[in-house]
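# Examination of the molecular architecture
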Amino acid sequence: MLKNPMGIFRTIASTFVLVIFVYVSHQLTRFTDFSWQGTTLLVSFLAFLFALVIGSFMILLRERRLDHNPWRDRFMNGALTVMAYINFLISLVILRDVFAFVDKISVASLSLETLYSAQATTTLMGLPVLFILIGHLIVRKGAFNKTVPLEFANLPADLENLRIVHITDLHISPSLPIRLVKKLVAQVNRLNPDVIVFTGDILDSFVEKHTEEFQILKGLRAQHGIYYVPGNHEYYWNAAKSLQAFRDIGFQVLINKAESIRLGSAELQMVGIPDPAANHFKEEGPDLAKVQNQLKTDSFKVLLSHQPALAKQIETLGVDLQLSGHTHGGQFFPWNLLIVFFQRYNKGLYRIGNMQLYVNQGTGYWGPQLRLGTYCELTEIILRKK
């Protein structure tokens, strides 16, 4: 049995970061015509950035204070931005090396001296700054309202044109400006939805730090209720207190539970399961057998699950529509392209047997305040008769 799994994790993570640092430093200096002073300055700059990221995550792992500390929050936000810079820089270095390799083995070889010149390397190091600025502006615009009409052959007439607003992965934390929460609530209320659903990772910090954000969320309005399931991140910050905070502002918290809404002669069942991360924290995890016992054969069933990966098992329950998040659509380059290798259902609409699955790519963001190749999404689902 592992005596200190956290210590082992830190050792592995630090070793991995060190290997990446050596690779990037080597590739940016070995073939470039910098002076020794320039090379020393570049390597020192990279060492500072990598050390800042490692140090900040060590602080985050030990974070247990419930007070707001503006200096600490600004430091962590800066470290997250540096993490994004390193992400883009690594991606560009790899792309340059791949291009150089392909060029080297091709018949028509180009001049690699130009590709690895000091000017090219300087440009390579400047591009991530541009990417970060663009990504930050995308986030500042707030959530993009995406309308998604979904057709169902078995939809009762009384549910025709029912509008469900879907919010997920908001990640309320010191990194998320309060003005974005205010903007989101105003945007949702303008839509005048019938139902609002939250599919997890709404809170990504201790709830005691975010009483103001919860008071803002309390202002949400939906004719037939607001329904919520936790994601994996809620369990990292004392899930019991987090879930109670959502209950206190009027959200229906669905932990392996189904709630019925009567609309004329139709019955809409709103069903929810917790994230599998609950099992690691000795909380109640997904229990599909328990959910199945609550489902009615003549109802229209909408199931909320933070993770879309459970879709095939959920479809066997006779669910009509599953709403999920978790993936962020990859959030920013290159993960927005690589996400397909990690998540089978990564964003948008899927059909699994008789069930439809919609994956919202995230209403907020995780980590650095940016998106690139994706956007913050507020989904308005409209039910239609096929």
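Think of each chain on its own: its residues are numbered from 1, step by step along the sequence as written. Reporting in this predicted model follows two pLDDT cut-offs: at least 70 for local features of residues, and 80 or more for side-chain atom pairs to be given and counted; totals over whole chains, interfaces and linings ignore these cut-offs and use all residues. Side-chain measures here rest on the full set of heavy atoms in the structure, leaving out hydrogens and waters.

What follows concerns the overall build of the protein chain. On a plain count of helices and strands, the protein chain comes out with 11 helices and 12 strands. Atoms counted for the radius of gyration: C-alpha only. Globule rule: 2.2 Å times the number of residues to the power 0.38. The C-alpha atoms of the protein chain give a radius of gyration of 24 Å, which matches the 21 Å a tight globule of 386 residues would have. Residue burial is assigned from relative accessible area. The probe radius is 1.4 Å, only protein chains are included, and a residue is buried under 20% of its type maximum, exposed over 50%, and partly exposed in between. Counting across all 386 residues of the protein chain, residues that qualify as buried make up 52%. We call two residues contacting when some pair of their heavy atoms lies within 4.5 Å. In the protein chain, 76% of the contacts between residues at least 6 apart in sequence involve partners at least 24 apart. Note that accessible areas follow from Shrake-Rupley with a 1.4 Å probe, and for residues the cover is restricted to the protein chains shown. For the protein chain, the accessible surface area stands at approximately 18500 Å², while carbon and sulfur atoms represent 62% of it. Between the centroid of the 37 positive side chains of the protein chain and the centroid of its 30 negative side chains there is a distance of 3 Å. The way it works is that DSSP assigns letters per residue, a run of H or I at least four long becomes a helix, a run of E at least two long becomes a strand, and they are numbered from the N terminus. Only four residue types enter the tally: Lys and Arg on the positive side, Asp and Glu on the negative side, with His and both chain ends excluded. In plain terms, the charge of a residue is placed at NZ if it is Lys, CZ if Arg, CG if Asp and CD if Glu.

For the rest of this paragraph, the subject is the pairing of strand β6 (residues 257-263). Pairing geometry for β6 and strand β7 (residues 266-273), over seven bridges, is antiparallel. Residue pairing for β7: Arg262 is matched across the bridge by Glu267. In this antiparallel pair of consecutive strands, β6 and β7, the connection spans two residues, and Gly264 shows a positive phi of 65 degrees. Being paired, for any two strands, means DSSP has found at least two bridges between them.

Here the focus is the packing of aromatic side chains. Note on ring pairs: Phe, Tyr and Trp rings are taken, using the six-membered ring of Trp, and paired if centres are within 6.5 Å. Classes follow the plane angle, with under 30 degrees stacked, over 60 edge-to-face and the rest tilted. According to the stated counting rule, one finds 15 aromatic pairs in the structure shown. Measuring from centroid to centroid gives 4.9 Å for Phe214 and Phe246, while their planes differ by 55 degrees, and the two rings are tilted. Within this pair, whereas Phe214 is found in helix α7 (residues 211-217), its partner Phe246 is found in helix α8 (residues 239-248), the two being separated by 32 residues in sequence. We note that Phe214, like Phe246, is buried. Seen in terms of ring centroids, Tyr235 and Phe281 are 6.4 Å apart; in terms of plane orientation they differ by 25 degrees. Their pairing is stacked. Placement of Tyr235 in the loop between β4 (226-229) and α8 and of Phe281 in the loop between β7 and α9 (288-292) is noted, with a sequence separation of 46 residues between them. Under the relative-accessibility criterion, Tyr235 is labelled buried at 4%. Linked through ring pairs, Phe198, Phe214, Tyr228, Phe246 and Phe251 together constitute an aromatic cluster.

So, about a nonpolar patch on the surface. Nonpolar side chains (Val, Leu, Ile, Met, Phe, Trp, Tyr) within 5 Å and like charges within 9 Å form the patches, drawn only from residues with over 30% relative accessible area and no salt bridge. When a carboxyl oxygen of Asp or Glu lies within 4 Å of a side-chain nitrogen of Lys or Arg, that pair is called a salt bridge. Together, Trp335, Leu337, Leu338, Val340, Phe341 and Phe342 make up a nonpolar patch on the protein surface, roughly 660 Å² of accessible area in all. One can find Val340 in the loop between α11 (335-338) and β10 (348-352).

On to unusual backbone geometry. Residues Phe333 and Pro334 are joined by a peptide bond in cis, for which omega reads 5 degrees. The topology assignment puts Pro334 in the loop between β9 (321-324) and α11. For Asn161, which is not glycine, the phi torsion reads 70 degrees and is therefore positive. Within the secondary structure, Asn161 sits in the loop between β1 (144-152) and β2 (163-167). The backbone of His328 sits at a positive phi, close to 60 degrees, despite the residue not being glycine. Topologically, His328 is positioned in the loop between β9 and α11.

What follows covers the sheet that holds β2. Read from one edge to the other, the open sheet built from six strands follows the order β1-β12-β2-β3-β4-β5, with strand pairing classed as mixed. Looking at strand neighbours, the two that pair on one side only are β1 and β5 (252-253), the edges of this open sheet. Where β4 meets β5, two bridges bridge the pair, whose relative direction is parallel. What sits directly across from Tyr228, in β5, is Val253.

Pairing is mixed across the open sheet formed by six strands, whose spatial order is β6-β7-β8-β9-β11-β10. Across the chains shown, the open sheet's two edge strands, defined by having one partner strand only, are β6 and β10. Across the sheet, the mean angle from the axis of one strand to that of its neighbour is 20 degrees, orientation sign disregarded. Here β7 pairs with strand β8 (residues 300-305) via six bridges, running parallel. Residue pairing for β8: Met270 is matched across the bridge by Val302. All axes here are fitted lines through C-alpha atoms, helices being fitted over the stretch that makes contact, and every angle between N-to-C directions spans 0 to 180 degrees.

What follows concerns the nonpolar core. Ile167, Phe198, Leu220, Phe246 and Phe251 are the most contacted members of the largest nonpolar core, which has 34 residues in total. When contributions to this core are tallied by element, the ones reaching two or more residues are β2, α6 (178-191), β3 (195-199), α7, β4 and α8. Here the element with the most residues in this core is α6; it accounts for six residues. Counting residues in each nonpolar core, the second largest holds 29 residues, with Leu28, Leu52, Val82 and Phe131 among its members. To qualify as a nonpolar core, a set must consist of buried Ala, Val, Leu, Ile, Met, Phe, Trp, Tyr and Cys residues joined through side-chain atoms within 4.5 Å.

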